[in-house]
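# What the coordinates show
These are the residues of each chain, in order.
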Amino acid sequence: MEVSSGGEKQPLLGFGQAVIGPPGSGKTTYVRAMHALLTSMGRPASIINLDPAGEDEPGAAVSLRELLALSEVMSELHLGPNGGLLYCMEYLQGNLDWLRDRLLSVRGTYLLFDCPGQVELYTHHPALPNILRQLGAWGLRLCAVHLVDSHYCTDPAKFISILCTSLSTMLHIELPHINILSKMDLIEQYGRLAFNIDFYTEVMDLSFLVEHLTSDPFFRRHKRLHEKLAEVIEDYGLVSFMPLSIKF
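The model shown is predicted, which means the values in this text are computed figures rather than measured ones.

### Notes on the overall build of the chain
Broken down by element type, the chain carries twelve helices and nine strands. Reported as C-alpha extents along the three principal axes, the dimensions of the chain are approximately 65 × 45 × 30 Å. Counting across all 248 residues of the chain, residues that qualify as buried make up 45%. Nonlocal contacts in the chain, meaning residues at least 24 apart in sequence, comprise 73% of its contacts between residues at least 6 apart. A total of about 12,300 Å² of accessible surface is found on the chain, and carbon and sulfur atoms cover 54% of it. For the chain, the distance from the average position of its 19 positive side-chain charges to the average position of its 28 negative side-chain charges is 2 Å.

As structure tokens, then:
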């Protein structure tokens, strides 16, 4: 497929990863490490920073902050961080010609999209899926790499929550998808696991997790709710995780 830029058709074909996940899950660290790995293998790669918050990503070939920055949006439109970030993604959605032109300058390289860390963008807001869908229409073949901090494994209630979030993200983003438990080298610092790590990565029989959760009096009265959430996750049968330590 070809797109038009400046009256001349130019190809915009290629492959890459859309790196997504909650704040603090290690997206930027993953992108930097993946870029370093690909470069060491002799494969040209480019970092595309789609996060308008914070500082510019060192080494990024394209940065959304060139178009607009979250701090400026918050100041001029009197929005909070969440509303400002949603506005930024909606603005990008309405100005995709800018992104297309910037991507043309790095065509032929493997693209690593460092996406914002707002969960709403991955679970129900339409802007980011629409942007990724347009990238596919231009000929880019992307997969979604969804990072989740491994500390959620140490708390059954949080783990069920992140399972629901991961399932919702997979259904909403609609890309080939892999879920990753990040920071596995730190998991022992978070606390003791109730089950072995395979239970969490393979998302095995969640009834054991529900029983463990409801041993706490605080959660016992919500047992039926947790059972239903577990049933939904198991009925879809889509969610599993790959463990990742950036140090190894």
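The structure having been displayed, the exposition proceeds.
### Side note on the packing of aromatic side chains
Within this structure, the stated rule accounts for six aromatic pairs. Ring geometry for Tyr87 against Tyr91: centres 6.1 Å apart, planes inclined by 25°, an arrangement best described as stacked. A residue pair is termed a helical-turn pair when its members lie 3 or 4 positions apart in one helix, as Tyr87 and Tyr91 do in helix H3 (residues 81–94) at four residues. Of the residues examined, Tyr87 reaches a relative accessible area of 31% and is grouped as partly exposed. The exposure class assigned to Tyr91 is partly exposed, which follows from its relative accessible area of 33%. Pairing Phe199 with Tyr200 gives two aromatic rings, centres 5.4 Å apart and planes at 80°, and the pair type is edge-to-face. Both residues of the pair, Phe199 and Tyr200, count as buried. An aromatic cluster of at least three residues, connected via ring pairs, comprises Phe159, Phe195, Phe199, Tyr200 and Phe241.

### Focus: the pattern of salt bridges
Considering all chains together, one arrives at eight salt bridges under this definition. Between Arg102 and Glu66 there is a salt bridge, and its shortest N-O distance comes to 3.0 Å. Of this pair, Arg102 sits in helix H4 (residues 96–104) while Glu66 sits in the loop between strand E5 (60–63) and helix H2 (70–77), placing them 36 residues apart in sequence. Between Glu211 and Lys223 there is a salt bridge, with the nearest N and O atoms lying 3.1 Å from each other.

### Points about the packing of H3 against H4
The description of two helices packed together rests on the angle between their axes and the distance between the axes. At their nearest, the axes of H3 and H4 sit 5 Å apart, and the two run at 75° to each other. The orientation of H3 with respect to H4, classified from their angle, is roughly perpendicular. Mapping the contact onto sequence places Leu92, Gln93 and Gly94 in H3 and Leu96, Trp98 and Leu99 in H4. Across the contact of H3 with H4, the residue classes tally to four nonpolar, two polar and no charged.

### Quick look at the sheet that holds strand E8 (residues 177–182)
Here we have seven strands laid out as an open sheet, ordered E5-E4-E6-E3-E7-E8-E9, and parallel in their pairing. Each end of this open sheet is capped by a strand with a single partner; those strands are E5 and strand E9 (241–243). On average, each strand axis in the sheet is inclined to that of its neighbour by 30°, with strand direction left out of account. Examined bridge by bridge, strand E4 (residues 45–49) and E5 share three bridges and lie parallel to one another. Paired with Asn49 across the bridge in E5 is Ser63. Each of strand E3 (14–20), E4, strand E6 (110–114), strand E7 (140–149) and E8 is contacted by helix H1 (residues 27–40), which is oriented at about 165° to E6, the strand it contacts most. Packing of H4 onto the sheet brings it into contact with E4, E5, E6 and E7, and relative to E5 it is tilted by some 165°.

### Describing the packing of helix H7 (residues 156–173) against helix H12 (residues 223–236)
The interhelical angle for the contact between H7 and H12, taken along N-to-C directions, is 40°, at an axis separation of 10 Å. Our classification of the angle between H7 and H12 gives oblique. Of the two possible hands of crossing, H7 and H12 adopt the one that is left-handed. Contact with H7, carried on its side by Ile160, Leu163, Cys164, Leu167 and Leu171, involves His226, Leu229, Val232, Ile233 and Tyr236 of H12 and no other residues of that element.

### Re the environment of Arg220
Relative to the helices and strands, Arg220 resides in helix H11 (residues 217–220). Its relative accessible area of 46% is what places Arg220 among the partly exposed residues. Between the C-alpha atoms of Arg220 and Gln118, which are 102 residues apart in sequence, the distance is 30 Å. Beyond its immediate chain neighbours, meaning those up to four positions away, Arg220 contacts Thr214 and Ser215.

Rules used in this analysis
Residues numbered from 1 in each chain as written. Predicted model: local features only at pLDDT ≥ 70, side-chain atom pairs only at ≥ 80, totals over all residues. Heavy atoms only, no water. Helix = DSSP H or I, 4+ residues; strand = E, 2+ residues; numbered from the N terminus. Buried < 20%, exposed > 50% of the residue type's maximum accessible area, 1.4 Å probe, protein only. Contact = heavy atoms within 4.5 Å. Areas by Shrake-Rupley, 256 points an atom, 1.4 Å probe, with all protein chains shown as cover. Lys, Arg positive; Asp, Glu negative; His and termini not counted. Charge placed at Lys NZ, Arg CZ, Asp CG, Glu CD. Phe/Tyr/Trp six-rings, centres within 6.5 Å; stacked < 30°, edge-to-face > 60°. Salt bridge = Lys/Arg side-chain N within 4 Å of Asp/Glu carboxyl O. Axes fitted to C-alpha atoms, helices over the stretch in contact; angles between N-to-C directions. Parallel < 35°, antiparallel > 145°, perpendicular 65-115°, else oblique. Nonpolar A, V, L, I, M, F, W, Y, C, P; charged D, E, K, R; others polar. Pairing = 2+ DSSP bridges. Left-handed = near helix turned anticlockwise from the far one by under 90°.

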